[in-house]
Structures are given as C-alpha cells and as structure tokens.
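# Residue-level structure breakdown
Given next are the chains, with one letter for each unit.
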Amino acid sequence: YRDLLAEVRPDWSDVESPCVGNPHGVWIEDRLLQVETLRFAHHATVLLDHLRSRAHSASLLEIGAGMGGQAIQFLKLGSDIVSHYSIVDLPEVGCLSAYCLMGAIGEDRVNLFGEEGRHAPDARVDVLPHWRISDTADNDIDLVFNAYSFSEMDSVSADFYLREIERICRRSFFHVNHETRFEYHQPDGTTSKNRLGSEMVPDPTKFALIQRTPRRFVRNELRQNKAFEYLYERRTQTAGF
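Quick summary incoming for the structure in this document.

Thresholds applied
Note on numbering: residues in each chain are counted from 1, in written sequence order. Local features are withheld for residues below a pLDDT of 70 in this predicted model, meaning they are given only at 70 or higher, and side-chain atom pairs are given and counted only at 80 or more; totals for whole chains, interfaces and linings count all residues. Side-chain numbers come from the whole structure's heavy atoms, not from hydrogens or water. In plain words, nonpolar cores are sets of buried Ala, Val, Leu, Ile, Met, Phe, Trp, Tyr and Cys residues tied together by side-chain atoms within 4.5 Å. Per-residue accessibility, obtained with a 1.4 Å probe over protein chains only, is compared with the maximum for each type, and a residue is labelled buried under 20%, exposed over 50%, and partly exposed between these values. Each helix is a run of DSSP H or I of at least 4 residues and each strand a run of E of at least 2, with the numbering of both proceeding from the N terminus. By the convention used here, residues are in contact when the closest approach between their heavy atoms is within 4.5 Å. The method works on a 1 Å grid over the protein atoms by themselves. A cavity is a set of points holding a 1.4 Å probe that cannot get out, a pocket is an open set with protein on both sides within 12 Å along at least five of seven lines, and residues with an atom within 4 Å of a point line them. Grid points are joined across faces, edges and corners, and a volume is the space filled by probe spheres set on the points. The nonpolar class holds Ala, Val, Leu, Ile, Met, Phe, Trp, Tyr, Cys and Pro. Asp, Glu, Lys and Arg form the charged class, and all remaining residues, Gly among them, are polar.

Ranked by internal contacts, the top residues of the largest apolar core, which has 35 residues, are Leu 60, Phe 74, Tyr 85, Ile 87, Leu 101 and Val 125. Among the secondary structure elements, those contributing two or more residues to this core are α2 (35-52), β3 (58-63), α3 (69-77), β4 (82-89), α4 (91-105), β6 (125-129), β7 (141-147) and β8 (169-178). No other element matches the six residues that α2 contributes to this core. In this structure Ile 87 touches Glu 62, Ala 65, Ala 71, Ser 97, Leu 101, Val 125, Asp 126, Val 127 and Leu 128, once residues within four positions along its chain are discounted.

Attention now goes to the layout of surface pockets. One number sums up the size of the largest pocket: a volume of about 580 Å³. Lining of the largest pocket is provided by 29 residues; of these, Gln 34, Phe 40, Met 67, Gly 68 and Gly 69 occupy positions nearest its centre. Among the elements that make up the lining of the largest pocket, the one with the highest residue count is α2 (five residues). Residue composition of the lining of the largest pocket, grouped by class: 13 nonpolar, twelve polar and four charged. Within this model, the second largest pocket holds a volume of roughly 250 Å³. Around the second largest pocket, the lining comprises 14 residues; the ones closest to its centre are Asp 89, Leu 90, His 130, Met 153 and Tyr 161. Looking at the lining of the second largest pocket, the elements that each hand over two or more residues are β4 and α5 (155-168).

Here it is as structure tokens:
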C-alpha cells in the first residue's frame, strides 16, 4: 500500500490518520498511519489531480463513507480545490462518519442532517441520510465517489443511485466495485441480487468511460474477489470543461 501511494505521491509526509476513536496503526516519526489511510490518500491524490486539471474549485459527493476516512483525505489533501463535500449513507453509518469527521477536522466544519448551512460558509461537509441525495440539484457535483458498496447493495438500491448520479454529476464519476454475484433472501420470502461493478454503467449518451483498471489495493484474503476501478466523464460541454 505504501509503495502504491508513493508512485503517485512521492512525498507523502502530509498523509496521516486521525487519532479519533482509538485507532490502531503504525507510528512513523510523529504520525499515526493505518493501512487503509494509504489507500484513501492514493484515491484522493489521483482524483484531486484529475479535478485540478479541469477546475479551480470542486464539490464532491461520496456514497457510503463508512468511518469517513476517504472524506478526511480528500479534505486535507484537497484544501486548495474542495469547496464542499457531501456524504450520503445509511443513517447509522452516517453517525460514525460524523463522529470521526468532527474529531478530525472540527465540529464547526460538519453539518448533520437538518443542519445544512448551519455553519456556512465555513462548514465543508454535510453528512446526510441516503435518501437526501435526491435533494441535490442537477449537475451540482464535480466528482461522485463510491468504493465497494454499490456491489454490496440490492440491485434496486444500486439502480436508484445510478439514476441520481446521472442527474447530479457534472464532471467525473469514480467507483471501485467487485464482480461477485450475491443473492439476498428477504423476510417475505422473495430474493434479490446485487449489481456487479461492471453493471454500474451510467447512460453512455451522457457519460464516457475514461478508465477501467483492476483495483490496485487488495489484501491477500480478497484476491479471489475480482474488482475494478472505473472513471467516467460527462460528455456534454455544459458541464463546464
């Protein structure tokens, strides 16, 4: 993980894990580093460079942020370009994201559900329940990001997000997801299946596939679970390129 990060960020002395929630990791000089932080910093470095080549400021939206580690790296490494960051997730998970973000970047920079704009203009992050993605304005987000959760969802949920992404994303859509098919058994006896990463394809008349590569970050026990990274760009010039 360290070597992969160093390929895109030779000087990664500014990368560290926040000491929030009793984390475990490795001390390097005066920094704590968790292994996943290196992955988060890699994604942030590559995608922020991509955005800098197209805009002076950018709004980001992450679907499924977990503990907020990816958001923290985007915000810290992209302080020169990230104008606003939104997280949409299951409410229970959003509580974890909000706790970690408040500890890492300060409570006055995080808005919770129902507090949007409470700290404006200083607040940089809104942590919202998943259904609030539908309140996002058309073509309002420069980068939509997802890692590993689309292919874990019921296909109905994944399709809902894909439709919303097509509507709100004005520049770039990046996701990394696996190719393993799951079947979910519902309490009422019905079954449903997930969407594979290769099936999370936005409308080709609106988006072009720029890059598809095997995922770079994978632990030994996950090597049989094939996954890819995808980068799509909106085709229309009205996106502001």
